[in-house]
Every structure is written in C-alpha cells, then in structure tokens.
Amino acid sequence: MRLLLLGGTEFVGRVVAEEALARGWEVTALNRGTRPAPEGVRVLKGDRTAEKGLAALGAGEWDAVVDTWSWAPAAVRDSARFLNGRVGHYAYVSSRSVYDHPLPAGAGEGAPVVASSADLTGEVPYAEAKRGAELALEAEYGGQALLVRAGLILGPHENIGRLPWWLNRIAEGGPVLAPGPRELALQYIDARDLAAWTLDAVVARLGGPYNLVGPSGHATMGELLEACVRVTGSDAELRWTDPERILAAGIEPWTELPIWLAPGELYDFLHAGLVDRALGAGLRCRPVAETVEDTWAWLRSVGGSAPRRADRATVGLDREREAALLNS
C-alpha cells in the first residue's frame, strides 16, 4: 500500500505514519521539513501556502492520501485538485468543531455545520478552516472522500499539552485540584486508535463524514486522573471540587483545567457526541490506563516537556490560583 501523508511529523500525522510503517506500507510525506519524520518515511519538501508548494508531488501515484491540514482551506482545495486522478482514496482529518453551536448531546454526523468556503485564505477560524477543507474535498471527490471528524485527541506525541499537563502536575504531588464530578463522562480518542481506524477505512474505501472519537463515558474524569496518579507513582491527593466552586473562582474549563468541562452546553458539544457510525465501521478504543501510561513514558523520553504547537495557547492552571481555591 502506497500512502501519501500531507504533514506527517507532528502529533496525528506522525502517529498515522508510524501505524502505516508498522503495517509494511510505503509512506511518502510532504511537509516543510522543519521536524524529522519517523524513520522509514520518504520526505518531500513543500510549503502548501507557497506558489508551486506542491511541485514535489508533480510525479507519482498513491493508493491513498491522508491530509491533516488545519489552516486556510484553499491549501486542501489545491492539493485535492492537484492529486485528483493520481490517488486512489483521499482521507482528511477534520474535526467535530465543524458542527454549528449549540450542538445537543447525542448529535451525529447529520447535525448542522458552520458556514464556510473552500476558497478561504489567510487567517481562518479553526471550525471554518476544517469545514472549508471538507467542502473542497466534496467538490473534487464527491462523497468518496473520507472526512474524519475527530474529537479530543490524546496520547503520545500530543502537542497541545492537555494530558501532559495533568501528568506533570500530578507527578509534582501534594493536593491537586480535581474538577468534578468524579464520575463525569469524557469523550476522547487516542491518536493511535484514530490512526488505525483511518488506515483501515482507506483500505475499505469508506467515504463521507464520521465522528471519530470514543464513546462518551469510555472513561470518566476520575478514571483519567487516578490513572495519572498510578503511572507517575505520585503522592498526589486529588481534591474533588464541584464545578460551581471552580467557575465561581474564575478558573477556565478546558484551558486552565485541560480536558475538563463543566456540565452544560459546551460539555454536550465536546463530550457527548454520537459515534455509532464509526463504531459500526470498526472503531476500537484502548483503555484510558494504556493511553495515560504510554503518554507518561513518551513524556519522560522527551525530557518531561511536551512540544507545543505555536498556534495554540499554553494550557494549565497556575499553582497559586490552584492553592487559593483549595485553601478557600
């Protein structure tokens, strides 16, 4: 199987490359060459935002392409046109962020999406960028293009810093602000499970949108943080705190307390989506303990500090703010 990766050196793209190589596939990646690709990947250099940025792909054919682009959708439009007729199947790692707000709990792939255009350039909001890319692929390939609408992605190589922040904070020990309720259902996917499903899907030539995230409640907030305590060997004491107290203190869900959202509209959007279509197409999700343990092992292997995407804000709660709430 000949796979073309558009990207392939950071979080999701890197994990897709590693999964494909483990299957014995021939992997080619187009990227700017700013980070090393996994060993065994044939790297072609190109900047998709530049004139003639796809020139390195001027010759060649591939059985499938996986595209992880997250910025102005015109780049996906151009690559879709450029590769049409030379790739057997096109898969795009999109996002559940394409759905319009508010999104009720249990919403599936047929829910309303944000307005966008395949022709947008420059600075484009994330949801519109992902939806515009989907429109570009629908225009070029119809319903045959695979639209992988990922939710919250965790696991080794994470470059946002959500699970790494919790692991490092808990490794420090002492009282830890644990946002409740403890039994709060989470919805996320390990990047390795995303990669495995996506490659299986391109072999099966699946098309159209799929919400690709584990079932809501595959893990709880308690199970996640308690796994962090176990794998780090920490003496941390999880102090479970009601959402009302956290919000009243002005602490921001999702950014200051990564992964966590207080029950409500945004929680329903991000942690309560319907994933029956992906489950029916073979999605399997590993236990949260495995994701946490492997992320901790990877984090230690890179010196304890996870690489961060330059376009994303730093996540995590200041220790003084945490202590102020715990001691109030």
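Thresholds applied
- Residues numbered from 1 in each chain as written.
- Predicted model: local features only at pLDDT ≥ 70, side-chain atom pairs only at ≥ 80, totals over all residues.
- Heavy atoms only, no water.
- Helix = DSSP H or I, 4+ residues; strand = E, 2+ residues; numbered from the N terminus.
- Rg over C-alpha atoms; globule rule 2.2 N^0.38 Å.
- Buried < 20%, exposed > 50% of the residue type's maximum accessible area, 1.4 Å probe, protein only.
- Contact = heavy atoms within 4.5 Å.
- Areas by Shrake-Rupley, 256 points an atom, 1.4 Å probe, with all protein chains shown as cover.
- Lys, Arg positive; Asp, Glu negative; His and termini not counted.
- Charge placed at Lys NZ, Arg CZ, Asp CG, Glu CD.
- Expected span 1.5 Å × (residues − 1).
- Polar contact = N/O pair within 3.5 Å; in protein donor to acceptor, adjacent residues only side chain to side chain.
- Phe/Tyr/Trp six-rings, centres within 6.5 Å; stacked < 30°, edge-to-face > 60°.
- Lys NZ or Arg CZ within 6 Å of the ring centre and 35° of its normal.
- Pairing = 2+ DSSP bridges.
- Axes fitted to C-alpha atoms, helices over the stretch in contact; angles between N-to-C directions.
- Salt bridge = Lys/Arg side-chain N within 4 Å of Asp/Glu carboxyl O.
- Core = buried A, V, L, I, M, F, W, Y, C linked by side-chain atoms within 4.5 Å.
- Disulfide = S-S within 2.5 Å.
- Parallel < 35°, antiparallel > 145°, perpendicular 65-115°, else oblique.
- Left-handed = near helix turned anticlockwise from the far one by under 90°.
- Nonpolar A, V, L, I, M, F, W, Y, C, P; charged D, E, K, R; others polar.

K.L.:
Help me get a handle on the overall build of the protein, residues and values and all.
P.N.:
On a plain count of helices and strands, the protein comes out with 11 helices and 15 strands. Over its C-alpha trace the protein gives a radius of gyration of 20 Å, about what one expects of a compact globule, namely 20 Å for 328 residues. Along the three orthogonal principal directions, the C-alpha set of the protein runs to about 65 × 40 × 35 Å. In the protein, buried positions account for 55% of the 328 residues. Considering only contacts within the protein whose residues lie at least 6 apart along the sequence, 77% involve residues at least 24 apart. Accessible area for the protein stands at about 13,600 Å²; split by element, carbon and sulfur atoms hold 49% of it. Across the protein, the centroid of the 33 positively charged side chains sits 5 Å from that of the 43 negatively charged ones.

K.L.:
Outline helix α1 (residues 11-22), listing residues and values.
P.N.:
In a regular helix each residue adds 1.5 Å, so 12 residues correspond to 16 Å; α1 covers 17 Å between its end C-alpha atoms and thus fits that length. Of all the positions in α1, only Phe11, Val12, Gly13, Arg14, Val15, Val16, Ala17 and Ala20 are classed as buried. Tucked into the core, α1 has its buried residues touching β1 (2-6), β2 (26-31), β4 (64-67), β5 (90-95), β7 (153-154) and α5 (191-204). Once α1 ends, the next one or two residues include Gly24, with phi positive near 85 degrees.

K.L.:
Kindly report on the environment of Tyr99, identifying the contributing residues and their values.
P.N.:
Looking at the secondary structure, you find Tyr99 in the loop between β5 and α3 (126-141). Separated by 28 residues in the primary sequence, Tyr99 and Ala127 place their C-alpha atoms 7.9 Å from one another. When residues no more than four places from it in sequence are discounted, the contact partners of Tyr99 are Gly108, Glu109, Ala111, Pro112, Val113, Val114, Arg149, Asn211 and Phe269. Separated by 3.0 Å, the side chains of Tyr99 and Arg149 make a polar contact.

K.L.:
Describe the packing of aromatic side chains, naming the residues involved and giving the relevant values.
P.N.:
A ring pair, where both rings are aromatic, is described by two values, the distance of the centres and the angle of the planes. Per the counting criterion, the structure on display carries 4 aromatic pairs. An angle of 70 degrees between the planes, with centres 4.9 Å apart, marks the rings of Trp165 and Trp166 as edge-to-face. A cation over a ring is seen here: Arg312 above Tyr126, with NZ or CZ 5.2 Å from the ring centre.

K.L.:
Could you give an account of the sheet that holds β5, with specific residues and numbers?
P.N.:
Read across the sheet, 7 strands follow the order β3-β2-β1-β4-β5-β6-β11 without closing on themselves; strand pairing throughout is parallel. Since the sheet does not close on itself, it has two edges, and those belong to β3 (42-45) and β11 (208-212), each with one partner. Strand-to-strand twist in this sheet, taken as the mean axis angle between neighbours without regard to direction, amounts to 20 degrees. Here 5 bridges tie strand β6 (residues 146-150) to β11, and the two strands are oriented parallel to one another. Each bridged residue has a counterpart across the sheet, and for Val148 the counterpart in β11 is Tyr210. Where α1 meets the sheet, its contacts fall on β1, β2, β4 and β5, and the angle it forms with β1 comes to roughly 170 degrees.

K.L.:
So what's going on with the side chain of Glu158? Residues and values would help.
P.N.:
Topologically, Glu158 is positioned in the loop between β7 and α4 (162-172). Buried charge without a salt bridge: Glu158, with Arg162 as the nearest opposite-charge side chain at an N-O distance of 4.9 Å. A polar atom in the side chain of Glu158 sits 3.2 Å from the backbone nitrogen of Leu163. If near-sequence neighbours (up to four positions away) are discounted, Glu158 is found in contact with Phe11, Ile153, Leu163, Pro164, Trp298, Ala306 and Pro307.

K.L.:
Run through the nonpolar core, naming residues and quoting values.
P.N.:
Within the largest apolar cluster, 42 residues are counted, with the highest numbers of intra-cluster contacts made by Trp166, Ile170, Met221, Leu224, Leu225, Leu257 and Val292. Setting aside chain neighbours within four positions, we find Trp166 in contact with Val176, Leu177, Pro179, Met221, Leu225, Cys228, Leu257, Pro258 and Ile259. Listed in part, the 35 residues of the second largest apolar core include Leu3, Trp25, Leu146 and Ala201.

K.L.:
Pulling in residues and values, what's your account of the state of the cysteines?
P.N.:
Per the counting criterion, the structure on display carries 0 disulfides. With no disulfide partner, Cys228 has as its closest neighbouring cysteine sulfur the one in Cys285, 18 Å distant. Residue Cys228 is classed as buried on the basis of its relative accessible area of 0%.

K.L.:
An account of the packing of α4 against helix α6 (residues 221-232) is needed here, citing residue identities and associated values.
P.N.:
Here α4 crosses α6 at 55 degrees, and the two axes come no closer than 9 Å. Here α6 runs oblique to α4, going by the angle between their axes. The two elements α4 and α6 cross, and the hand of that crossing is right-handed. For the pair α4 and α6, the contacting residues are Leu163, Trp166, Leu167, Ile170 and Ala171 in the first and Met221, Leu224, Leu225, Cys228, Val229, Val231 and Thr232 in the second. For the contact of α4 with α6, the residue count by class is 11 nonpolar, 1 polar and no charged.

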